[in-house]
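Residues per chain are reported as follows:
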Amino acid sequence: MTKKEKNTIKSKMLESEVRYRRLFETAHDGILILDSETGQITDVNPFLINLLRYSKKEFLEKKLWEVGAFKNIKAARDVFRILQKDGYVRYEDLPLETKDGELISVEFVSNSYMAGGTLVIQCNIRDITERKKIEHIKETKRLLEVEKMKVGTIADAAHELRTPIAIMQGNIDLAMLRGGKSPKSALLAINDEIKHLSGILADLSLITSKAWELKNRVYYEIVELIPLIKTVIKRCKIIARNKKISISSVKIPDLVIMGDKGYLEKMFVNLVRNSIIYGHKNGHTKISAKKAKGFVILNVIDDGVGISKEDLPYVFERFYRADKFHKSGGNSIGLGLAIVKWIAEVHGGEVSVKSIKGKGSTFSVTLPIKASTT
């Protein structure tokens, strides 16, 4: 190697060292350099000095666990041994104490590398205190929103429960008046309201009870798919009449599934009823199905108001109520889709949704097939 080549290499090494030094001195993360044999600190950058408020002298020539900020880390010696063995260690959230006693949260990442023929350990320390504060604020806001939704749901449920009770009381009062409503007519009206009341209480029970408690109430039997869908359509045509929404089924395979007929019917009625509530006048709801590898996939497709991108990930959550629930005059309790999700899962299936705001929705239920009648 010529003298010129040696000088060129030396010049490049000096340039590289200068660049590294500039990065080291101006970095917005704390950096410690340790001797890989002893664990002594050989260098520390200004950012870490300012962050932990120790002087450079208080860092240098001391072992990591001898510096006050790291004294409370019981596993500091073990961490160093891991570094010596594996050359890498990471803590996503590590508490450190500054010289004046303030606790801060840091992300601590260490790795080893060769520098000038010597193995050194570099520790990168990032202050995440503000990030944690922001995350805590966000989580607190989220929990408050959840509680707000729960309170709102309970308030709506209370309102829904008062309505049939008030109607029953009114019918009783009319029946007791001379020349008023006949007892038989009053009893028929009260009976209808009791059924409505029982339905509300059943929905509340479904959504608030523990899953393992409810599984004991599921009665499994062979359920024929075509008659099940026909029953759902027959029931839902009554509530679709006012909006003149048509309901049809296409390509329903002749299959049987194992499940609770009452719950399965409730699941599909809830989906179709949902499509009617949020459907346009003179609109259409279609039920289709197809067989796929031991499962049947049933789709409830509508051309209604659709669901926004913001609401779409949360529509099956227990106490979540999207804006459309408030605006469309539907089920103010907002339990329908959460119940659909539970029924699908307890039958070994799942439910999903695709929707475009203003263009309608497709709710898909996947259920295991018991056997085929064909």
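Described below are features of the structure shown in this document. (Residues numbered from 1 in each chain as written. Predicted model: local features only at pLDDT ≥ 70, side-chain atom pairs only at ≥ 80, totals over all residues. Heavy atoms only, no water.)

## Overview of the overall build of the protein chain
Helix and strand counts for the protein chain come out as 11 helices and 13 strands. A sequence separation of at least 24 residues applies to 61% of the contacts in the protein chain between residues at least 6 apart. About 22,500 Å² of surface is accessible on the protein chain, with carbon and sulfur atoms providing 55% of the total. (Helix = DSSP H or I, 4+ residues; strand = E, 2+ residues; numbered from the N terminus. Contact = heavy atoms within 4.5 Å. Areas by Shrake-Rupley, 256 points an atom, 1.4 Å probe, with all protein chains shown as cover.)

## Things to note about a nonpolar patch on the surface
A cluster of nonpolar residues, Tyr220, Ile222 and Met258, forms a patch on the protein surface that exposes about 280 Å² of accessible area. In this structure, Tyr220 sits in the loop between helix H7 (211-215) and strand E6 (221-224). (Patch = residues over 30% accessible without salt bridge, like charges linked within 9 Å, V, L, I, M, F, W, Y side chains within 5 Å. Salt bridge = Lys/Arg side-chain N within 4 Å of Asp/Glu carboxyl O.)

## A word on the packing of aromatic side chains
By the definition in use, this model includes 4 aromatic pairs. Measuring from centroid to centroid gives 5.5 Å for Tyr263 and Trp342, while their planes differ by 75°, and the two rings are edge-to-face. With Tyr263 in helix H9 (residues 261-277) and Trp342 in helix H11 (residues 336-346), the pair connects residues that are 79 residues apart, well separated along the chain. Looking at Trp342, the relative accessible area reads 12%, which means it is buried. (Phe/Tyr/Trp six-rings, centres within 6.5 Å; stacked < 30°, edge-to-face > 60°. Buried < 20%, exposed > 50% of the residue type's maximum accessible area, 1.4 Å probe, protein only.)

## Considerations on the sheet that holds strand E5 (residues 118-127)
Pairing within the open sheet is antiparallel, and its 5 strands lie in the order E2-E1-E5-E4-E3. Taken across any chain shown, the strands that pair with only one partner, and hence form the sheet edges, are strand E2 (41-44) and strand E3 (88-97). Along the sheet, successive strands turn relative to each other by an average axial angle of 25°, direction set aside. As defined by bridge partners, strand E4 (residues 103-115) adjoins E5 across 10 bridges and the pair is classed as antiparallel. By the bridge assignment, Glu107 is partnered in E5 with Arg126. (Pairing = 2+ DSSP bridges. Axes fitted to C-alpha atoms, helices over the stretch in contact; angles between N-to-C directions.)

## Considering H11
Here H11 lies mainly inside the structure; 9 of its 11 residues are buried. Among the residues trailing H11, Gly348 stands out with phi positive, at a value near 80°.

## Notes on the sheet that holds strand E12 (residues 360-368)
In spatial order, the strands read E7-E9-E10-E12-E11; together these 5 strands make up an open sheet with mixed pairing. Strand pairing shows two members of the sheet lacking a second neighbour, strand E7 (246-250) and strand E11 (350-356), which therefore form its edges. Mean inter-strand twist for the sheet, computed between neighbouring axes without regard to direction, equals 15°. By the bridge criterion, 7 bridges tie E11 to E12 in an arrangement that is antiparallel. Residue pairing for E12: Glu350 is matched across the bridge by Thr366. The strands touched by helix H8 (residues 225-240) are E7, strand E9 (284-292) and strand E10 (295-302); relative to E7, the strand with the most contacts, the crossing angle is about 170°. On top of the sheet, H9 reaches E7, E9, E10 and E12; it is set at about 170° to E12, its chief contact.

## Some points on the environment of Phe295
Here Phe295 shows up in strand E10. Given the relative accessible area of 32%, Phe295 is considered partly exposed. In this structure, the C-alpha to C-alpha distance between Phe295 and Val365, residues 70 residues apart in sequence, is 10.0 Å. Discounting residues that sit within four places of it in the chain, Phe295 has contacts with Lys290, Gly348, Thr366, Leu367, Pro368 and Ile369.

## Overview of H9
The end-to-end C-alpha distance of H9, which contains 17 residues, comes to 24 Å, matching closely the 24 Å that a straight helix rising 1.5 Å per residue would cover. Along H9, 13 of the 17 residues are buried, which leaves the element largely enclosed by surrounding structure. For H9, the capping residue at the N-terminal end is Asp260, with a side-chain oxygen 3.0 Å from the backbone nitrogen of Gly262. (Expected span 1.5 Å × (residues − 1). Polar contact = N/O pair within 3.5 Å; in protein donor to acceptor, adjacent residues only side chain to side chain.)

## Regarding the nonpolar core
One finds Met267, Phe268, Val296 and Leu367 to be the most contacted residues of the largest nonpolar core, which totals 43 residues. Within the residue set of this core, elements represented by two or more residues are H8, strand E8 (255-259), H9, E9, E10, H11, E11 and E12. Once you skip the residues sitting within four places of it in the chain, Phe268 turns out to touch Leu228, Ile229, Val232, Leu298, Val365 and Leu367. (Core = buried A, V, L, I, M, F, W, Y, C linked by side-chain atoms within 4.5 Å.)

## Quick word on the pairing of E4
Residues in a regular strand project their side chains so that they alternate between the two faces of the sheet. Across 8 bridges, the pairing between E3 and E4 is antiparallel. Bridge pairing in E4 places Pro95 opposite Ser105. The turn joining E3 and E4, which pair antiparallel and follow one another in sequence, is formed by 5 residues; a positive phi near 90° is taken by Gly101.

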